[in-house]
Amino acid sequence: MDHHTPPGNIAPHIPAADWQRAQATGQPVVIVVNDTGTGIPWQRLLVPFAIAGAVVAGGWGLVACLCLLLDAAAHTATVIAGAAGPIGIGGITLKLARAKHT
C-alpha cells in the first residue's frame, strides 16, 4: 500500500507506543522540528534571473546575426551592381555603382 503525504504543513507524528509510555510514566514528549531557516530562498531568485539573462543574451545574438546578414547583403548588392555596369532603358542610362579610383 502506498502512503502519500498530504500537501501543506502537517503535525509531526508521534508513535502510539511512545505516547502511551510518556503518559504512563509522566515523561515529557520532545518534538524536534528541523527548521529551514529564515534566509532568502535562492532558487526562487536565481531561476528568473537566469531566464532573463538567457533572453537578453539571445536577443543580442539575434541582433548580431541580423547585422551580419545585412552587411553581407549590402556587400553582395555592391558586387553585383559593380559587375553589371550601366543599365539603360530607352535613352536613360543609370550607373549602379562607381568604379574605384586607385
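Criteria and thresholds
Residues numbered from 1 in each chain as written. Predicted model: local features only at pLDDT ≥ 70, side-chain atom pairs only at ≥ 80, totals over all residues. Heavy atoms only, no water. Helix = DSSP H or I, 4+ residues; strand = E, 2+ residues; numbered from the N terminus. Buried < 20%, exposed > 50% of the residue type's maximum accessible area, 1.4 Å probe, protein only. Areas by Shrake-Rupley, 256 points an atom, 1.4 Å probe, with all protein chains shown as cover. Salt bridge = Lys/Arg side-chain N within 4 Å of Asp/Glu carboxyl O. Patch = residues over 30% accessible without salt bridge, like charges linked within 9 Å, V, L, I, M, F, W, Y side chains within 5 Å. Disulfide = S-S within 2.5 Å.

## Thoughts on the overall build of the protein chain
Scanning the protein chain for helices and strands turns up two helices and two strands. Listed by position from the N terminus, the elements making up the protein chain come as α-α-β-β. Considering the protein chain as a whole, with its 102 residues, one finds that 3% of them fall into the buried category. About 9,800 Å² of surface is accessible on the protein chain, with carbon and sulfur atoms providing 67% of the total.

## Points about the pattern of salt bridges
On inspection of all chains with the given rule, the structure shows one salt bridge. The residue Asp18 makes a salt bridge to Arg21 at a minimum N-O spacing of 3.2 Å. One end of the pair, Asp18, and the other, Arg21, are both in helix α1 (residues 16–25), three residues apart, so they sit about a helical turn from each other.

## Topic: a nonpolar patch on the surface
On the surface, Ile40, Trp42, Leu45, Leu46 and Phe49 cluster together into a nonpolar patch covering about 590 Å² of accessible area. With respect to the element layout, Leu45 can be found in helix α2 (residues 42–84).

## Side note on α1
Of all 10 residues making up α1, only one are buried, and the element is barely covered by its neighbours. Among the residues trailing α1, Gly26 stands out with phi positive, at a value near 85°.

## Considerations on the state of the cysteines
All chains considered together, the criterion is met by zero disulfides. The thiol sulfur of Cys65 is not disulfide-bonded, and the nearest other cysteine sulfur, from Cys67, lies at 9.4 Å. Its relative accessible area of 47% is what places Cys65 among the partly exposed residues.

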